Amino acid sequence: MSNYLDKRLKGLQPYVPGEQLRGRKIIKLNTNESPFPPAPGVRTAVEREIDSLSLYPDISGGSLMTGLAAWLGVGRENVFAGNGSDEILAFLFQGFCPNGAVFADLTYGFYSVYAELYHVDTEIIPLKEDFTIDVKDYANAGRTIFIANPNAPTGIALSRNEVEEIVKSNRDTLVVIDEAYVHFGAESCVSLLEKYDNLMVVGTFSKSRSLAGARLGYAVSSRELIADLERIKFSFNPYNINQMTMAAGTASLSDQDYFDECCVKIADIRSNCISELQSLGFVCTNSSANFVFVRHQARQAQELYLALKEQNILVRWFNKPRIDNYLRISIGSDRDMAVLVEALKVILQVKA
Ligand SMILES: *Cc1c(COP(=O)(O)O)cnc(C)c1O
């Protein structure tokens, strides 16, 4: 640390992203990226933008924002776009936690990092023993609530009714539902926005739209909350979405069939993968996401993580209390998962 860093940031522990190894023959199942390419229309849409790269991006968000609003079934004034949903979450921790924040002990790692970065006082609510959320724990929370639904890294989702119960029991407090994985099999809470003005739904193009490298996320909420987010954005970086990403997002939104097809494929591969893993002695959570969260009945997760890595298969192992015997494995292509299962059979010395 230099002498010039704000002392309050001395203890800041940055987010640790999954390893990004490229170039080698790696099967990468550690950061929940999509195994599929972006929608076919994305390539030409991005190429077309090259000629206008000498200009600043369209500040109104143009067709990206109208496309987003139409897809979500809300008005243009109810949506906001961010440089990844991480940027939106950062804005929320920075500006929307007047009484602090509350979130689960096991959830998306960035919540605690942003809380630290922006000096937000935090209350942590442990998940139940089976990693589910007890909705009653969140009644009258008194602080801004952050819930990843489906949760990461467990993949377990609350139903829309359960989320509604939380939103209803916190009428004076903002509830943020992070739906990064919702389209792989959980219920979106966007439709609750008609009834509740203390709800914000955050989503991303990184997982279900195969655009993690483009950095595009969105928030849906009341006109007033979106206007507040815009105020923060315009005080920080008015051009938060670059022109090529806007074009990529718009092209992705215009191909609903491709989106649906990719989400269905992931859900199918996930259920096959769960059966295979169970037959190898793994216990799996009930995941609605594009990853599974598993532990083996006889073998240590860290050992399996290292053995897989030796075979160029990257999965995620968290050296954290309660989950250090679990692996989070992203859903890859059919072939990726077949290679994974074969490697595990060898490691576990299971006879074919
Ligand atoms: C991946 C992820 C995000 C961040 O997505 P970006 O849009 O790529 O910044 C947010 N929340 C959760 C729970 C995630 O898993």
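Since the structure is predicted, the reported quantities are computational estimates derived from the model, not experimental observations.

Caption draft 1: Representation of the overall build of the protein. Counting secondary structure elements, the protein contains 10 helices and 13 strands. In summary, the protein has a C-alpha radius of gyration of 20 Å against a globular reference of 20 Å for 352 residues, a match within 12%. With the principal axes as the frame, the protein shows a C-alpha extent of 60 × 50 × 50 Å. Restricting to contacts in the protein with at least 6 residues of sequence separation, those with at least 24 account for 72%. Here the protein displays about 16,700 Å² of accessible surface, and carbon together with sulfur accounts for 49% of that area. Of the charged side chains in the protein, 35 are positive and 42 negative; the average position of the first set lies 5 Å away from that of the second.

Caption draft 2: Examining the site of the ligand more closely. With respect to spatial proximity, the complete set of residues near the ligand consists of Gly 84, Ser 85, Asp 86, Tyr 108, Asp 178, Ala 180, Tyr 181, Thr 204, Ser 206, Lys 207 and Arg 215. At 2.5 Å, a side-chain N or O of Tyr 181 approaches an oxygen atom of the ligand. At 2.7 Å, a side-chain N or O of Arg 215 approaches an oxygen atom of the ligand. Contact with the protein chains removes 93% of the 380 Å² of surface that the ligand exposes when unbound.

Caption draft 3: Representation of empty space enclosed by the protein. Summed over all chains, the structure comprises 2 cavities of 30 Å³ or more. Counted as a void, the largest cavity has a volume near 50 Å³. In this structure, the largest cavity is lined by Pro 38, Ala 39, Ser 208, Arg 209, Ser 210, Ser 252, Asp 255, Tyr 258, Phe 259 and Cys 262. There is about 30 Å³ of room inside the second largest cavity. Residue lining of the second largest cavity: Ala 104, Thr 107, Ile 133, Tyr 138, Phe 146, Ile 147, Ala 148 and Asn 151, and that is the complete set. In the lining of the second largest cavity, the residues fall into 6 nonpolar, 2 polar and no charged.

Caption draft 4: Inspection of the sheet that holds strand 10 (residues 291–296) at higher detail. Spatial ordering of the open sheet is given by 9-10-13-12, a layout of 4 strands whose pairing is antiparallel. Of all the strands in the sheet, the pair left with one neighbour each is strand 9 (282–284) and strand 12 (316–317). Pairing geometry for strand 10 and strand 13 (residues 327–330), over 4 bridges, is antiparallel. Pairing of Val 294 across the sheet is with Leu 327, part of strand 13.

Caption draft 5: Region of the structure containing the state of the cysteines. Applying the stated criterion across every chain, the model contains 0 disulfides. The cysteine Cys 263 is free of any disulfide, with Cys 262 supplying the nearest cysteine sulfur at 6.8 Å. Residue class for Cys 263 comes out buried when judged on its relative accessible area of 7%.

Caption draft 6: Broad picture of helix 4 (residues 110–117). Every buried residue belonging to helix 4 is among Phe 110, Tyr 111, Val 113, Tyr 114 and Ala 115, and all of these are buried. Next to the buried residues of helix 4 lie helix 3 (84–95), strand 3 (101–104), strand 4 (122–125), strand 5 (144–148) and strand 6 (175–178). Within two residues after helix 4, His 119 carries a phi angle of roughly 55 degrees, on the positive side.

Caption draft 7: Spotlight on the environment of Thr 44. Looking at the element boundaries, Thr 44 is found in helix 1 (residues 42–48). Taking the C-alpha atoms as reference points, Thr 44 and Val 135, separated by 91 residues in sequence, lie 46 Å from one another. A polar contact is formed between the side chain of Thr 44 and the backbone oxygen of Gly 41, at a distance of 3.5 Å.

Caption draft 8: Broad picture of the nonpolar core. Within the largest apolar cluster, 90 residues are counted, with the highest numbers of intra-cluster contacts made by Tyr 138, Leu 277, Phe 282, Val 315, Leu 327, Ile 329 and Leu 340. Every residue in contact with Leu 327, bar those within four places of it in the chain, is listed here: Val 292, Phe 293, Val 294, Ala 301, Leu 304, Tyr 305, Val 315, Arg 316 and Trp 317. In terms of nonpolar packing, the next biggest core, distinct from the first, is built from 29 residues, Phe 91, Phe 103, Ala 115 and Ile 226 among them.

Conventions and cut-offs
Residues numbered from 1 in each chain as written. Predicted model: local features only at pLDDT ≥ 70, side-chain atom pairs only at ≥ 80, totals over all residues. Heavy atoms only, no water. Helix = DSSP H or I, 4+ residues; strand = E, 2+ residues; numbered from the N terminus. Rg over C-alpha atoms; globule rule 2.2 N^0.38 Å. Contact = heavy atoms within 4.5 Å. Areas by Shrake-Rupley, 256 points an atom, 1.4 Å probe, with all protein chains shown as cover. Lys, Arg positive; Asp, Glu negative; His and termini not counted. Charge placed at Lys NZ, Arg CZ, Asp CG, Glu CD. Near = heavy atom within 4 Å. Polar contact = N/O pair within 3.5 Å; in protein donor to acceptor, adjacent residues only side chain to side chain. 1 Å grid on protein atoms, 1.4 Å probe; cavity = no way out; pocket = protein on both sides within 12 Å on 5 of 7 lines; lining within 4 Å. Points joined across faces, edges and corners; volume = space filled by probe spheres on them. Nonpolar A, V, L, I, M, F, W, Y, C, P; charged D, E, K, R; others polar. Pairing = 2+ DSSP bridges. Disulfide = S-S within 2.5 Å. Buried < 20%, exposed > 50% of the residue type's maximum accessible area, 1.4 Å probe, protein only. Core = buried A, V, L, I, M, F, W, Y, C linked by side-chain atoms within 4.5 Å.

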